[in-house]
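These are the residues of each chain, in order.
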Amino acid sequence: MDYDSSQVYQPEADTYLLLDAARGEVRPGDRVLEVGTGSGLIAAAMRKGARTIATDINPHAAIAAQKAGVDVIRCNLLDPIRGKFDLVLFNPPYLPTEPHERIDDWLEYALDGGKTGRATLERFAADVKRVLAPGGRILILISSLTGPGEVKELFATHGLQAELIREERVEDEILLVLRFTR
Ligand SMILES: C[S@@+](CC[C@H](N)C(=O)[O-])C[C@H]1O[C@@H](n2cnc3c(N)ncnc32)[C@H](O)[C@@H]1O
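In this report, we go over the structure that sits alongside the text.

So, how was this worked out
- Residues numbered from 1 in each chain as written.
- Predicted model: local features only at pLDDT ≥ 70, side-chain atom pairs only at ≥ 80, totals over all residues.
- Heavy atoms only, no water.
- Buried < 20%, exposed > 50% of the residue type's maximum accessible area, 1.4 Å probe, protein only.
- Helix = DSSP H or I, 4+ residues; strand = E, 2+ residues; numbered from the N terminus.
- Pairing = 2+ DSSP bridges.
- Phe/Tyr/Trp six-rings, centres within 6.5 Å; stacked < 30°, edge-to-face > 60°.
- Core = buried A, V, L, I, M, F, W, Y, C linked by side-chain atoms within 4.5 Å.
- Contact = heavy atoms within 4.5 Å.

**Things to note about the pairing of strand S5 (residues 132-143)**
With respect to burial, S5 is a largely interior element, 10 of its 12 residues being buried. Where strand S4 (residues 85-90) and S5 come together, 5 bridges link them in parallel fashion. Paired with Leu89 across the strands is Leu139, a residue of S5. In the sheet, S5 pairs with strand S7 (residues 173-181) via 6 bridges, with the strands oriented antiparallel. The partner of Leu141 across the bridge, within S7, is Val177.

Shown next as structure tokens:
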């Protein structure tokens, strides 16, 4: 099947920061789920030591990730996922976006975090414990623009506690990886 690579989020500094954190976190035999896999770079790297599946809502990303060797399901967040995972990874759309700034294409799904930057994360946080194995960990990439304090509070309301495990300045933004556990 063919796809349009211009409609797939290509690896950037945020991708590489989450990849580095995930490499430090994954343990042999872990069941890994990457939500919103985009090009599939992170999930493909996880596959080397752990059973890994991935999701993406964007059909172009789903094909790109499949071509990168990833078992990918095209779906909305975790909707059809029924298994339990030891490690869940998500580099979500995290940029605050006003309605008039929206662009009507698939790449918009990679970037548009709604007015607060947390719209997709709110839906993810409300559902993620359902697929988390006992002792499971969640790594989330966000930016200083997403409101790190609000993100921590959001997950805390769902019984998940945050720890900052990576931080990197990229121009006017700081990228952060938060690790959540029960
Ligand atoms: C910032 S990009 C990250 C892509 C890749 N994981 C990386 O780090 O390069 C966010 C990805 O999440 C996907 N996404 C956004 N909303 C989604 C949803 N509701 N369900 C599944 N995937 C979603 C986008 O299509 C996009 O591929």
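**What about the packing of aromatic side chains?**
Applying the stated criterion across every chain yields a total of 4 aromatic pairs. Ring geometry for Phe155 and Phe180: centres 4.1 Å apart, planes at 20°, overall stacked. A residue pair is termed long-range when its members are at least 10 positions apart, and Phe155 in helix H6 (residues 148-156) and Phe180 in strand S7 qualify at 25 residues. With respect to burial, Phe155 and Phe180 carry one shared label: buried. Counting every residue linked through ring pairs, the aromatic cluster contains Phe90, Phe124, Phe155 and Phe180.

**Considerations on the nonpolar core**
In this structure, Val88, Leu121, Phe124, Ile138, Ile140 and Phe155 are the most contacted members of the largest nonpolar core, which totals 24 residues. Counting only elements with at least two residues in this core, the list comes to strand S1 (31-35), S4, helix H5 (119-127), S5, H6 and S7. Broken down by element, this core gets its largest block of residues, 4 residues, from S5. Discounting residues that sit within four places of it in the chain, Phe124 has contacts with Val35, Leu77, Leu78, Val88, Phe90, Ile138, Ile140 and Phe155. Counting 17 residues, the second-largest nonpolar core is a separate cluster that includes Ala21, Ala50, Tyr94 and Val177.

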